[in-house]
Amino acid sequence: GENGVGGRAIRVGTRRSQLARIQTNSVVEMLRELYPDLCFEIVAMSTIGDKILDTALSKIGEKSLFTKELENALERNEVDLVVHSLKDLPTSLPPGFTIGAVCKRENPLDAVVFHPKNCGKTLSRLPEKSVIGTSSLRRAAQLKKKFPQLEFRDIRGNLNTRLKKLDEKEDFSAIILAAAGLKRMGWENRIGELLSPEDCLYAVGQGALAVEVRAKDQEILNMVSALHDADTVLCCIAERAFMKRLEGGCSVPVAVNSVLKDGQLYLTGAVYSLDGSDSLKETMQTSVNYPQQSEDGPNDDVQHVGITAKSVPCQAQEAAENLGVELASLLLSKGAKHILSVARQLNDAC
């Protein structure tokens, strides 16, 4: 092929879960359409996050829970690219790796799936003391404040496992999941309520798929870069820059909402105490309306919070990154560091 990878199978790494396989298949299908002469082979493997199911994610304290094994395979040249949910990827990637593609984002909102006996209800109409399952501190912090009459409890496992726990036991009245995952699994009919950004801001990168590659593997990088969706790239750069500046991870409640409209990028970002009683939330905007410049010169391999996107104007990427950094700096100036460090200490102590 003209991108230099013809004549060999391109090996694509993925987690073993059904959702991960569906997501990886969708990326491979797009690549097959673009490069019909190439052969793609999917290599599935288990990660730490898939194996430790009896501990809350925020407790394990490992940033690369769902990515480390896949990155090890990438480093050893056992695979050529890896498909992830972007929200699983830390804002600083290990040296030698880059996100070579961010695909068009699916709906990033959170969704409520109700126990069959609560079908047709909403969170506000559930009986007092109803138990809601979520593995996310971010979701729990926001919803505890909005629905103080409900109880929130940890639930782990892949989507299939969590839905089974909901349906077959009486432990939970409802669980909160990403709408994107339910949609990709073909379970959109299970969504009882979509949580608007007013109710629950979403996770950084939620709903977007990322393709991670070796930063120096120009052939593979060029090949996957055709999958970039420019609007998604700019929103996710802003979100990741916000998270990185705050030094947030899965052990603290950090949430975002980004909108790109008429060349303006609007970013809302927030931090919360674990019970949601203390929070800071602000919105900022910037213009990302820049023309694409010629690709010559030393900027070829510039990464913005781990993303290499040559097809997206460099100035627009810089503006998006600066927006995230400035919004985080504004929250930090108002006391975000204190809220996050208390949240981290409490979470570690629980």
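Rules and cut-offs
Residues numbered from 1 in each chain as written. Predicted model: local features only at pLDDT ≥ 70, side-chain atom pairs only at ≥ 80, totals over all residues. Heavy atoms only, no water. Pairing = 2+ DSSP bridges. Helix = DSSP H or I, 4+ residues; strand = E, 2+ residues; numbered from the N terminus. Axes fitted to C-alpha atoms, helices over the stretch in contact; angles between N-to-C directions. Contact = heavy atoms within 4.5 Å. Polar contact = N/O pair within 3.5 Å; in protein donor to acceptor, adjacent residues only side chain to side chain. pLDDT = per-residue confidence, 0-100. Core = buried A, V, L, I, M, F, W, Y, C linked by side-chain atoms within 4.5 Å. Buried < 20%, exposed > 50% of the residue type's maximum accessible area, 1.4 Å probe, protein only.

Student: What's the story with the sheet that holds strand S12 (residues 264-272) in this structure? I'm lost.
Tutor: Sheet strands associate in pairs through backbone hydrogen bonding, adopting either a parallel or an antiparallel arrangement. The 3 strands lie next to each other as S11-S12-S13, forming an open sheet whose pairing is antiparallel. Each end of this open sheet is capped by a strand with a single partner; those strands are strand S11 (254-261) and strand S13 (279-287). With strand direction ignored, the average angle separating the axes of adjacent strands in the sheet is 10°. One ladder, built from 8 bridges, connects S11 with S12; its direction is antiparallel. Considered in S12, the bridge of Asn 257 is made with Thr 268. Most of the contacts of helix H5 (residues 137-146) go to S11, to which it runs at about 90°, and overall it touches S11, S12 and S13. Sitting on the sheet, helix H10 (residues 314-333) is in contact with S12 and S13, with an inclination near 150° to S13.

Student: Before we go on, may I ask you to explain the environment of Thr 268 in this structure?
Tutor: Looking at the element boundaries, Thr 268 is found in strand S12. Each C-alpha atom, one on Thr 268 and one on Leu 327, is 8.1 Å from the other, the two residues being 59 residues apart in sequence. With residues near it in sequence (within four places) discarded, Thr 268 still touches Leu 201, Ala 255, Val 256, Asn 257, Lys 281, Glu 282, Thr 283 and Leu 327. A distance of 2.8 Å separates the side chain of Thr 268 from the side chain of Thr 283, its partner in a polar contact.

Student: I tried to follow the confidence of the model for the protein chain on my own but got confused; where do I start?
Tutor: Parts of the prediction with low pLDDT should not have their coordinates interpreted in detail. When pLDDT is averaged along the protein chain, the result is 90, and 89% of the positions lie at 70 or above. Predicted confidence in the protein chain is weakest over helix H3 (residues 57-60), with a mean pLDDT of 45, and strongest over strand S5 (residues 110-114), with 98. Note that residues 49-55 has pLDDT below 50 and, in this model, 12 contacts with residues that lie over four places away or in other chains. Contacts for the low-pLDDT stretch residues 57-63, under 50 throughout, to residues beyond four places or in other chains number 20 contacts.

Student: In this structure, what is going on with the nonpolar core? I would like to understand it.
Tutor: Note on soluble globular proteins: their nonpolar side chains tend to be buried together. Leu 86, Ile 99, Phe 242, Leu 246, Val 254 and Val 271 are the most contacted members of the largest nonpolar core, which totals 45 residues. At the level of elements, strand S4 (97-102), helix H9 (230-246), S11, S12, H10 and helix H11 (336-349) are the ones that each hand at least two residues to this core. Here this core takes 10 residues from H9, the largest share from any one element.

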